Amino acid sequence: MNQIQEMYAQMGIGRAVYDYGNAVLEKLGERFREIDEIAEYNQLKVVNAMQECQVSEACLLGTTGYGYNDLGRDTLEAVYAKIFRTEDALVRPQITCGTHALALALMSNLRPGDELLSPVGKPYDTLEEVIGIRPSKGSLAEYGITYRQVDLLEDGSFDYETIRKSIGEKTRLATIQRSKGYQTRPSFSVEQIGRLIAFLKEIKPDIICMVDNCYGEFVEIHEPGDVGADMVVGSLIKNPGGGLAPIGGYIAGKKECVENAAYRLTSPGLGKEVGASLGILKDFYQGLFLAPTVTASALKGAIFAANLYERLGYPVIPNGSESRHDIIQAVTFGSAEAVTAFCRGIQAAAPVDSHVTPEAWDMPGYDAPVIMAAGAFVAGSSIELSADAPIKPPYAVYFQGGLTWPHAKSGILKSLQFLADRKLVDESRLKM
Ligand SMILES: *Cc1c(COP(=O)(O)O)cnc(C)c1O
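Each value, and the rule that gives it
Residues numbered from 1 in each chain as written. Predicted model: local features only at pLDDT ≥ 70, side-chain atom pairs only at ≥ 80, totals over all residues. Heavy atoms only, no water. Pairing = 2+ DSSP bridges. Helix = DSSP H or I, 4+ residues; strand = E, 2+ residues; numbered from the N terminus. Contact = heavy atoms within 4.5 Å. Axes fitted to C-alpha atoms, helices over the stretch in contact; angles between N-to-C directions. 1 Å grid on protein atoms, 1.4 Å probe; cavity = no way out; pocket = protein on both sides within 12 Å on 5 of 7 lines; lining within 4 Å. Points joined across faces, edges and corners; volume = space filled by probe spheres on them. Nonpolar A, V, L, I, M, F, W, Y, C, P; charged D, E, K, R; others polar. Phe/Tyr/Trp six-rings, centres within 6.5 Å; stacked < 30°, edge-to-face > 60°. Buried < 20%, exposed > 50% of the residue type's maximum accessible area, 1.4 Å probe, protein only. Lys NZ or Arg CZ within 6 Å of the ring centre and 35° of its normal. Salt bridge = Lys/Arg side-chain N within 4 Å of Asp/Glu carboxyl O. Disulfide = S-S within 2.5 Å. Parallel < 35°, antiparallel > 145°, perpendicular 65-115°, else oblique. Core = buried A, V, L, I, M, F, W, Y, C linked by side-chain atoms within 4.5 Å. Near = heavy atom within 4 Å. Polar contact = N/O pair within 3.5 Å; in protein donor to acceptor, adjacent residues only side chain to side chain. Areas by Shrake-Rupley, 256 points an atom, 1.4 Å probe, with all protein chains shown as cover. Sits in = over half its atoms within 2 Å of the grid points. Expected span 1.5 Å × (residues − 1).

Novice: Which parts of the structure should I look at to understand the sheet that holds strand E8 (residues 316–317)?
Specialist: Two modes of strand pairing occur in sheets, parallel and antiparallel, and in both the strands are linked by backbone hydrogen bonds. Spatial ordering of the open sheet is given by E8-E9-E12-E11-E10, a layout of five strands whose pairing is antiparallel. Where the open sheet ends on each side, the last strands, each with one partner, are E8 and strand E10 (370–373). Sheet topology note: the strand E11 (residues 386–390)/strand E12 (residues 396–400) ladder contains three bridges and is antiparallel. Within E12, the residue paired with Ser386 across the bridge is Gln400. Relative to strand E9 (residues 329–332), helix H10 (residues 281–310) is tilted by about 15°, and along the sheet it contacts E8, E9 and E12.

Novice: Help me understand empty space enclosed by the protein in this model?
Specialist: Over the atoms a probe the size of a water molecule is rolled, and this reveals where empty space is left. What the rule picks out here adds up to one cavity of 30 Å³ or more. Taken as a whole, the largest cavity spans an internal volume of roughly 30 Å³. Taken together, Ser118, Val120, Gly121, Lys122, Pro123, Leu127, Thr175, Ile176, Gln177 and Asp212 make up the lining of the largest cavity. Counting residues per element, the lining of the largest cavity draws most heavily on strand E4 (residues 171–177), at three residues. In terms of residue class, the lining of the largest cavity is made up of four nonpolar, four polar and two charged.

Novice: Please clarify how the packing of aromatic side chains should be interpreted in this entry.
Specialist: The final tally for this structure, using the stated rule, is 17 aromatic pairs. With centroids separated by 4.9 Å and ring planes inclined at 55°, the aromatic side chains of Phe158 and Phe188 adopt a geometry described as tilted. Of this pair, Phe158 sits in the loop between strand E3 (146–149) and helix H7 (160–166) while Phe188 sits in the loop between E4 and helix H8 (190–203), and the two are 30 residues apart along the sequence. Residue Phe158 is classed as buried on the basis of its relative accessible area of 8%. The class of Phe188 is buried, set by a relative accessible area of 1%. When the ring of Tyr160 is compared with that of Phe199, the centres are 4.6 Å apart and the planes differ by 65°; the resulting orientation is edge-to-face. Within this pair, whereas Tyr160 is found in helix H7, its partner Phe199 is found in helix H8, the two being separated by 39 residues in sequence. Within the aromatic cluster, the residues linked to one another by ring pairs are Tyr309, Tyr314, Phe333, Phe342 and Phe399. If you follow Lys238 out to its NZ or CZ, it ends over the ring of Tyr215, 4.2 Å from the centre.

Novice: Would you explain the pattern of salt bridges in this entry?
Specialist: Where charged atoms from two side chains of opposite charge come close, those side chains can pair. Across all of its chains, the model carries 25 salt bridges by this definition. Overlapping salt bridges, with partners in common, bring together Glu77, Asp88, Arg92, Lys255 and Lys272 in one network.

Novice: Looking at this model, I keep getting lost on the state of the cysteines. Mind explaining?
Specialist: As used here, a disulfide is simply a covalent bond connecting the sulfur atoms of two cysteines. Throughout the structure, instances matching the rule amount to zero disulfides. Among the cysteines around Cys59, which has no disulfide bond, Cys53 carries the closest sulfur, lying 9.2 Å off. Since its relative accessible area comes to 0%, Cys59 is described here as buried. Cys209 carries a free sulfur, and the closest cysteine sulfur to it, the one in Cys257, is 9.9 Å from it.

Novice: What is the right way to read the pairing of strand E1 (residues 88–92) from this model?
Specialist: A regular strand carries its side chains on alternate faces of the sheet. Of all five residues in E1, five are buried; the element is thus mostly enclosed. Across the two faces of E1 the burial is the same, with Asp88, Leu90 and Arg92 and Ala89 and Val91 all buried. In this structure, E1 lies alongside strand E7 (residues 249–253), joined through five bridges in antiparallel fashion. Counterpart to Arg92 in the pairing with E7 is Gly249.

Novice: Just to check I follow, could you spell out the packing of helix H5 (residues 98–109) against helix H9 (residues 255–265) for this structure?
Specialist: For any two helices packed against each other, the geometry is given by the interaxial angle and the distance between the axes. At a minimum axis distance of 8 Å, the contact between H5 and H9 shows a crossing angle of 105°. In this view, H5 runs roughly perpendicular relative to H9, as classed from their interaxial angle. Along its contact with H5, which presents His100, Leu104, Met107, Ser108 and Asn109, the element H9 presents Glu256, Cys257, Asn260, Ala261, Arg264 and Leu265. Class assignment of the residues belonging to the contact of H5 with H9 gives a composition of five nonpolar, four polar and two charged.

Novice: Is there a simple way to explain the nonpolar core in this structure?
Specialist: Most often, soluble globular proteins keep nonpolar side chains buried together rather than apart. By size, the foremost hydrophobic cluster in this structure holds 55 residues, and its most contacted members are Phe304, Leu308, Tyr309, Phe333, Phe342, Val397 and Leu416. The element best represented in this core is H10, accounting for ten residues. When residues no more than four places from it in sequence are discounted, the contact partners of Phe304 are Gly21, Val24, Leu25, Leu28, Trp405, Lys409, Ile412 and Leu413. By size, the runner-up hydrophobic cluster in this structure holds 44 residues, among which are Cys59, Ile167, Phe218 and Ala229.

Novice: Explain the site of the ligand to me, please; I cannot follow it from the model alone.
Specialist: Near the ligand the following residues occur: Cys97, Gly98, Thr99, Leu102, Tyr124, Gln177, Asp212, Cys214, Tyr215, Ser235 and Lys238. Separating an oxygen atom of the ligand from a backbone N or O atom of Gly98 is a distance of 2.7 Å. Between the ligand and Lys238, the relevant distance is 2.9 Å, taken from an oxygen atom to a side-chain nitrogen or oxygen of the residue. Relative to its unbound accessible surface of 380 Å², the ligand loses 89% to contact with the protein. In this structure, the ligand is accommodated by the largest pocket. In the shell around the ligand, the residues fall into five nonpolar, four polar and two charged.

Novice: Before we go on, may I ask you to explain H10 in this structure?
Specialist: Owing to its 3.6 residues per turn, the α-helix aligns residues three or four sequence positions apart on the same side. Helix length check: H10 (30 residues) gives 41 Å between terminal C-alpha atoms against 44 Å at 1.5 Å per residue, within 8%. Burial of H10 is extensive: 23 of the 30 residues sit out of reach of the surface.

Novice: How do you make sense of unusual backbone geometry when you look at a structure like this?
Specialist: If a residue is not glycine, its phi is most likely negative; likewise, a peptide bond is most likely trans. Cis peptide bonds are those with omega within 30 degrees of zero, and the linkage from Ile317 to Pro318 qualifies with -10°. Here Pro318 lies in the loop between E8 and E9. Positive phi values are uncommon outside glycine, yet Phe218 reaches one of about 65°. With respect to the helices, strands and loops of the structure, Phe218 is situated in the loop between strand E5 (208–212) and strand E6 (231–235). Taking relative accessible area as the criterion, Phe218 reaches 2% and is therefore assigned buried.

Have a look at this one:
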């Protein structure tokens, strides 16, 4: 359709980039069909849960004050428990982000003298301070909870023998991060996580297995709760919020684990009974309803970017043909100029703040300046089209999100146009 190409031209994307993008896309039909099928299954799963829990118009309203008998909140938690195949769930705007949800799950289910085990290597950056790997006020370490880590083997697989030796009397909880986050290890499939959980439980049946599910929700038809996880934890400004949730986190899991978390979030004695939902529930429900197709859009964007940049010779993780277990895509550009141009292209394609030019800055907690592109409706939301890159070798950019596939596509084309305009990509290479 000529009109599409004209519209792209009007938005600064030239013919060479447009044609190259479409040529890349032509080969992705089968991959996209599989993603649509997963989205279809997950859409049905979500609607089915909402119907079985009898979500009603009254559920979309909120409470104020203490929030006793908040029908919408309690029903939403039942819906989450059904979707994640767990006994119970805590889904709250009072859980401020993913890190908070994970910290809450850990702090409420561990006691002084217990040991936390990560059998999958180093956890997400922000958890280092929660655990006390980097000394921090209020960390688990300050409360006398020790930590042990078993790194992955060279090929990214689980080091079962060392894990076996690392489980002792004190080992109370194992934390398993599904997504690679900003590391270069592979992300784990739900099936792999299931095998690991089975192994851990064989050695110690009462060990609590918690899965950090951030960026993984609805990427597959199964969730960690289907394969025996005792707690499944994530952020609502990533996949399950569907781009509409403006805040929030969730912990789905065994009744006792969720209860412990609720008593810690509010207060002993109060637990899940309090916590007004204010006016936020409609966005939580509608975002969850949209989450399967939003996640599919983000996945298509990630696969498109992988193939587009892989063909130009840049290392990409995951590569263009690998199966996906989260929505993050890394592309290594090898120069500060190129990662900067990429991020500026993504920003220029945003619906909000497209006129802003991102600059690298010294963010707290990082050892190099970081540049971020985030023209999002919800601040910091990474289910929306977004990218960030530390300005240091190997000069890799981490890219994720896209509420709709056409927007993800246009953002990726814009990033390539920015690289071409600055002569960082040779236009002659865009010929297929
Ligand atoms: C994003 C993320 C977190 C932390 O979530 P925040 O909402 O940024 O605090 C934890 N683990 C993983 C794997 C993540 O991707």
